[in-house]
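# Secondary and tertiary structure notes
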Amino acid sequence: MAWVLITEGGLTVPLDLSRAASGFTMTGYSEAHRKVFLGANAYPGSNAVEANARMSVLACLAHEYAHVERHELGYSRPTGLPDVLLAEAETSIHASLHRILGRRDREDLVEDARDRLMRWLA
């Protein structure tokens, strides 16, 4: 249901749920498959300190959908450190502007961007 809210009226990209029930799987957008994979990490930790770990499923999917939008716009997505941190920070900022998100989700996405930028600068 969260995916429908995020993608409503936008780009059509499938959400693959096959990894969601397997422990330690990662949520992510695959440019090669043009598909978002939902992993177990999409569900927030109850005692999470870092913004990335406490993001709601909606915020997590907004972040992945922002990857889709940026890919469609032709943004180059680096995969190696440290530049992947910058790309992820930009994507979280992009996602924070999604109209469906509430205040807490926006704050978590902006804090995630800040955390990644701090690691990129280090």
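Presented here is an overview of the structure given in this document. Please read these numbers as outputs of a predicted model, since none were measured by experiment.

Cut-offs and rules
- Residues numbered from 1 in each chain as written.
- Predicted model: local features only at pLDDT ≥ 70, side-chain atom pairs only at ≥ 80, totals over all residues.
- Heavy atoms only, no water.
- Salt bridge = Lys/Arg side-chain N within 4 Å of Asp/Glu carboxyl O.
- Helix = DSSP H or I, 4+ residues; strand = E, 2+ residues; numbered from the N terminus.
- Buried < 20%, exposed > 50% of the residue type's maximum accessible area, 1.4 Å probe, protein only.
- Core = buried A, V, L, I, M, F, W, Y, C linked by side-chain atoms within 4.5 Å.
- Phe/Tyr/Trp six-rings, centres within 6.5 Å; stacked < 30°, edge-to-face > 60°.
- Lys NZ or Arg CZ within 6 Å of the ring centre and 35° of its normal.

## As for the pattern of salt bridges
- Tallied over the full model, the rule gives 12 salt bridges.
- Between R77 and E88 there is a salt bridge, and its shortest N-O distance comes to 3.6 Å. Placement of R77 in the loop between α3 (57–72) and α4 (83–96) and of E88 in helix α4 is noted, with a sequence separation of 11 residues between them.
- E88 sits in the buried class, given a relative accessible area of 12%.
- With a shortest N-O distance of 2.9 Å, D115 and R114 are connected by a salt bridge.
- A relative accessible area of 42% means that R114 is categorised as partly exposed.
- Salt bridges linked by common partners bring R54, R103, R104, E107, D108 and E111 together as one network.

## Some words on the nonpolar core
- Among the nonpolar cores identified, the biggest contains 20 residues, and W3, I6, V13, Y65, V68 and L109 are the most heavily contacted of them.
- Within the residue set of this core, elements represented by two or more residues are α1 (2–7) and α3.

## A closer look at the packing of aromatic side chains
- In the structure shown here, the tally under the stated rule is 1 aromatic pair.
- Here W3 and Y65 contribute two aromatic rings whose centre-to-centre distance is 6.0 Å and whose plane-to-plane angle is 85 degrees, an arrangement assigned as edge-to-face. Of this pair, W3 sits in helix α1 while Y65 sits in helix α3, and the two are 62 residues apart along the sequence. The two residues W3 and Y65 agree in class, both being buried.
- A cation over a ring is seen here: R19 above F37, with NZ or CZ 3.9 Å from the ring centre.

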